[in-house]
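# Structure assessment
In case you want the letters, here they are:
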Amino acid sequence: MKKFLTIMLILSFILLALAGCSSSTKTNVDAGNAQVPEKKDAKVRTIRAGIGLTETHPEYKALIKWKQLVEEKTKGAIKVEAYPSGQMGDDRTMTENLQMGTLEVTIPSTAPMVNFVKDFAVYDIPFLFANSKVADAVLDGPVGQQLLDELPAANLVGLAYWENGFRNLTNSKHPVASVDDFKGLKIRTMENKIHLEVFRSLGANPTPMAFTELFTALQQGTVDGQENPLVTIYNSKFYEVQKYVSMTNHVYSPFVFLMSKKFWDASTPEEQKIFVDAAKEARDYERKLIRDGNDQYRQDLIDKGMKFTDITPEVHQQLVEKSSPAVEKFIGDGADKLISTDIYNKVKAAVKEAEAQNK
Ligand code: TK8
């Protein structure tokens with residue numbers, strides 16, 4: 001009898017313990033109805049995003065916005081790690097790493113992209129966009145998308161165009177107010193044949209170089225000058241190694257938000273839509289940050305001791321005429337060309353339409 005009672009007592013303890021567990025599971029289920037239960041066992045996927053510019057630059061601030069949007073909308077299923085200041089390499093290296101799937105996101109200038117998709121060279125045509133309204137209309141329109149659609153063939157996915165900005169010349173030697181003033185200046189350019197040819201046509205002595213090497217090259221005098229938007233000249237502290245700024249505005253430089261095709265293909269359609277929508281929302285934020293800040297960047301650079309030279313309409317016209325032939329030899333459909341006839345004609349037509357609408 002005693003033995004029977006002991007067994008019954010043990011059994012009742014076991015039953016009570018089991019009931020306790022199910023009620024805690026039940027509680028979880030109730031709690032689950034009030035909020036999306038965190039997928040404790042689901043594997044969190046990580047996006048490593050590298051850029052060349054500093055964490056003070058609007059490009060990085062917009063990348064953090066993209067990170068917040070993606071982490072929030074994927075409810076923690078995806079985590080984004082942001083690496084500024086070229087920690088993950090220069091634009092070309094980071095883009096190659098996306099192709100190999102060893103990095104998930106980078107946002108380079110379109111200029112070095114010609115090494116992956118030649119047609120991106122169309123954006124290096126000097127004086128192509130008269131202002132940012134025309135730039136936005138072309139980049140965010142059909143021909144801009146047609147160029148992004150060429151990226152998957154290179155194992156890349158383009159989500160949106162962000163703003164690098166209108167490029168201006170800086171140097172350590174003397175003010176540049178006329179075409180003649182370019183003569184003999186050793187100018188660093190991005191790794192892009194059109195940029196090289198344009199500066200040769202102006203009489204300068206250009207050297208292609210990754211952005212990550214630029215500050216040291218300016219500091220050591222390996223090159224006399226470079227060209228970048230005011231926002232970059234300020235945030236990369238070029239005022240410490242450069243004296244003169246010439247407001248040439250010689251080309252509008254876009255960034256392109258790139259994702260590795262390997263990561264894109266492994267994502268669901270819902271996640272892909274989140275990536276694109278967030279890249280467009282962060283794009284608008286980034287463009288506004290730069291444009292609202294341009295006058296202040298100029299004043300900040302003057303306060304840091306830089307001397308500004310504005311380019312007269314006459315000199316602007318001379319720069320246009322002098323640099324145009326350098327571009328013409330890269331347009332066409334031969335293997336030695338960069339910009340296909342189709343893309344060139346479509347971009348020129350889109351520019352014309354945008355200019356007419358923005359009159
Ligand atoms: C930063 C570069 C930079 C570009 C250059 O990674 O290389 O001069 O203008 O913004 O993309």
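All figures in this text were calculated on a predicted structure; none of them were measured in a lab.

For the structure on display, the rule yields 19 salt bridges. Residue Lys329 pairs with Glu197 through a salt bridge whose shortest N-O separation is 3.0 Å. Taken together, the residues span a long stretch of sequence, with Lys329 in the loop between helix H11 (313–328) and helix H12 (341–357) and Glu197 in helix H6 (residues 193–201) at a distance of 132 residues. The buried category is assigned to Glu197, whose relative accessible area is 18%.

Pairing between sheet strands relies on hydrogen bonds along the backbone, with the strands arranged either parallel or antiparallel. Across the sheet, five strands lie side by side as S2-S1-S3-S10-S4; this open sheet has mixed pairing. Of all the strands in the sheet, the pair left with one neighbour each is strand S2 (78–83) and strand S4 (156–166). With two bridges connecting them, strand S1 (residues 45–50) and strand S3 (residues 105–106) associate as parallel partners. Pairing of Gly50 across the sheet is with Thr106, part of S3. Docked against the sheet, helix H2 (residues 58–73) engages S1, S2, S3, S4 and strand S10 (252–260), running at close to 170° with respect to S2.

Moving on to the environment of Ile274. By the element assignment, Ile274 lies in helix H10 (residues 269–303). For Ile274, a relative accessible area of 15% translates into the label buried. For the pair Ile274 and Lys73, spaced 201 residues apart in sequence, the C-alpha to C-alpha distance is 7.0 Å. Discounting chain neighbours no more than four positions away, the residues touching Ile274 are Val70, Lys73 and Thr74.

The next thing to look at is unusual backbone geometry. Positioned with a positive phi, Phe127 is a non-glycine residue whose angle comes to about 60°. With respect to the element layout, Phe127 can be found in the loop between S3 and helix H4 (132–139). Classification of Phe127 as buried rests on a relative accessible area of 18%. Residues other than glycine seldom take positive phi values, yet Asn249 does so here, at roughly 45°. For Asn249, the location among the structural elements is in the loop between strand S9 (244–247) and S10. A relative accessible area of 32% places Asn249 in the partly exposed class.

Turning to the confidence of the model for the protein, a few remarks are in order. Interpreting fine coordinate detail is not advised for predicted regions of low pLDDT. Chain-level statistics for the protein give a pLDDT mean of 91 and a share of 88% at 70 or above. Low pLDDT, under 50, characterises residues 17–41; the stretch is placed with two contacts to residues that sit more than four places away or in other chains.

Here we come to the site of the ligand. Around the ligand, the neighbouring residues are Gly52, Leu53, Asp91, Ser109, Asn164, Arg167, Arg188, Met190, Phe211, Asn228 and Phe255. In this structure, Ser109 approaches the ligand through a side-chain N or O atom, which is 2.7 Å from an oxygen atom. Arg188 is positioned with one of its side-chain polar atoms (N or O) 2.7 Å from an oxygen atom of the ligand. The protein chains hide 97% of the 300 Å² of surface that the ligand would expose on its own. With respect to the detected pockets, the ligand is housed in the largest cavity.

The next subject is the nonpolar core. Counting 53 residues, the largest nonpolar core has Phe120, Phe129, Leu151 and Ile339 as the members making the most contacts within it. Those elements that place two or more of their residues in this core are helix H3 (91–100), H4, helix H5 (142–148), S4, H6, S10, H11 and H12. The residues contacting Ile339, other than those within four sequence positions of it, are Asp119, Ala121, Val122, Ile125, Ile194, Phe330, Ile331, Gly332 and Tyr344. Of all hydrophobic cores here, the second largest spans 30 residues; its members include Leu63, Trp162, Met259 and Ala278.

Time to look at the packing of aromatic side chains. With the rule as written, the count across this model stands at 14 aromatic pairs. Between Phe215 and Phe238, the aromatic rings sit 6.4 Å apart at their centres with planes inclined by 25°, giving stacked as the arrangement. Taken as a pair, Phe215 in helix H7 (residues 214–220) and Phe238 in the loop between helix H8 (230–235) and S9 lie far apart in primary sequence, 23 residues in all. On the basis of relative accessibility, which here comes to 23%, the residue Phe215 falls in the partly exposed class. When its relative accessible area of 2% is taken as the criterion, Phe238 is described as buried.

Before going further, it helps to spend a moment on H6. Taken together, the buried positions of H6 are Ile194, His195, Leu196, Glu197, Val198 and Phe199. Looking at the packing, one finds that the buried side of H6 touches strand S5 (168–171), strand S6 (186–189), strand S7 (205–208), strand S8 (225–228) and H11. Just past H6, the residue Gly203 takes up positive phi, approximately 95°.

Let us now look at the pairing of S7. Here four bridges tie S6 to S7, and the two strands are oriented parallel to one another. Counted as the bridge partner of Lys186 is Asn205 from S7. Crossover S6 to S7 through H6 is right-handed.

The rules behind each value
- Residues numbered from 1 in each chain as written.
- Predicted model: local features only at pLDDT ≥ 70, side-chain atom pairs only at ≥ 80, totals over all residues.
- Heavy atoms only, no water.
- Salt bridge = Lys/Arg side-chain N within 4 Å of Asp/Glu carboxyl O.
- Helix = DSSP H or I, 4+ residues; strand = E, 2+ residues; numbered from the N terminus.
- Buried < 20%, exposed > 50% of the residue type's maximum accessible area, 1.4 Å probe, protein only.
- Pairing = 2+ DSSP bridges.
- Contact = heavy atoms within 4.5 Å.
- Axes fitted to C-alpha atoms, helices over the stretch in contact; angles between N-to-C directions.
- pLDDT = per-residue confidence, 0-100.
- Near = heavy atom within 4 Å.
- Polar contact = N/O pair within 3.5 Å; in protein donor to acceptor, adjacent residues only side chain to side chain.
- Areas by Shrake-Rupley, 256 points an atom, 1.4 Å probe, with all protein chains shown as cover.
- 1 Å grid on protein atoms, 1.4 Å probe; cavity = no way out; pocket = protein on both sides within 12 Å on 5 of 7 lines; lining within 4 Å.
- Sits in = over half its atoms within 2 Å of the grid points.
- Core = buried A, V, L, I, M, F, W, Y, C linked by side-chain atoms within 4.5 Å.
- Phe/Tyr/Trp six-rings, centres within 6.5 Å; stacked < 30°, edge-to-face > 60°.
- Right-handed = clockwise from strand over helix to strand, strands pointing away.

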